[in-house]
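Summary of the model geometry
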Amino acid sequence: METDVNRPPTGKRVHLVRWLPTDADWVSEVRTGRYVGGDELHWVIEVDGVRQRLARSDWSRFVPEAVQPPANPPAPEITTIPTTARPMMEPAEDTPAQ
C-alpha cells in the first residue's frame, strides 16, 4: 500500500491533473500514464511509450473514485452504535422513582 501519494511505486498507473483558466471558467487537463520516477520538481510518467516530464507545480496526482480501495469494515471487536442511540439513565438511589 502506498504511504505517500506524491511518491507512487515505480510502474504504477497514475492520474495527474492540472487546471487551466478559460475566458469564463476553468478546465481540467488529465494525463494518465505509468509512473517511472521524478524529483521534487517534476513527475516523470510514460504515456503510450513516450516519457513525459511534468512540473509538480502545475500537475497534481488524483485517484479516481473507481480506483480507490474499498472502505474497511469495522473490526469485529468494535461495536457500532447507531447515532440515534441514547444512554440508559437509571435513577440515583436518593431520587424518588416516578
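The coordinates are above.
Now for a look at the structure at hand. (Residues numbered from 1 in each chain as written. Predicted model: local features only at pLDDT ≥ 70, side-chain atom pairs only at ≥ 80, totals over all residues. Heavy atoms only, no water.)

We now examine the overall build of the protein chain. Across its full length, the protein chain holds zero helices and five strands. Ordered by position in the sequence, the α and β elements of the protein chain form the string β-β-β-β-β. Across the 98 residues in the protein chain, those meeting the buried criterion constitute 19%. Contacts in the protein chain between residues at least 24 apart in sequence constitute 34% of all its contacts with a sequence separation of at least 6. In the structure as shown, the protein chain presents an accessible area of about 8400 Å², 54% of it carried by carbon and sulfur atoms. (Helix = DSSP H or I, 4+ residues; strand = E, 2+ residues; numbered from the N terminus. Buried < 20%, exposed > 50% of the residue type's maximum accessible area, 1.4 Å probe, protein only. Contact = heavy atoms within 4.5 Å. Areas by Shrake-Rupley, 256 points an atom, 1.4 Å probe, with all protein chains shown as cover.)

Attention now goes to the packing of aromatic side chains. Here the structure, examined in full by the defined rule, presents one aromatic pair. Relative to Trp43, the ring of Tyr35 lies with its centre 6.1 Å away and its plane at 80 degrees, an arrangement referred to as edge-to-face. The ring of Trp43 has Arg56 lying over it, and the distance from NZ or CZ to the ring centre is 3.9 Å. (Phe/Tyr/Trp six-rings, centres within 6.5 Å; stacked < 30°, edge-to-face > 60°. Lys NZ or Arg CZ within 6 Å of the ring centre and 35° of its normal.)

A few words now on the nonpolar core. With eight residues, the main nonpolar core is built from Val14, Leu16, Tyr35, Trp43, Ile45, Val47, Leu54 and Trp59. For this core, the secondary structure elements donating two or more residues are β1 (13-21) and β3 (42-47). The greatest single-element share of this core, amounting to three residues, is contributed by β3. If we skip the residues at most four places from it in the chain, Trp59 touches Leu16, Val17, Arg18, Glu29, Val30, Arg31, Trp43 and Leu54. (Core = buried A, V, L, I, M, F, W, Y, C linked by side-chain atoms within 4.5 Å.)

This paragraph deals with the pairing of strand β2 (residues 26-38). The side chains of a regular strand alternate, first on one face of the sheet and then on the other. Where β1 lies against β2, nine bridges are found, and the strand directions are antiparallel. Following the sheet pairing, Val17 is matched in β2 by Val30. Pairing geometry for β2 and β3, over four bridges, is antiparallel. Looking across to β3, one finds that Arg34 is bridged to Glu46. Turn length for the β2-β3 hairpin, with the two strands adjacent in sequence and antiparallel, is three residues. (Pairing = 2+ DSSP bridges.)

Bringing the pairing of β1 into the picture now. Following β1, the chain reverses through four residues before pairing antiparallel with β2. In the sheet, β1 pairs with strand β5 (residues 60-62) via three bridges, with the strands oriented antiparallel. Residue pairing for β5: His15 is matched across the bridge by Phe62.

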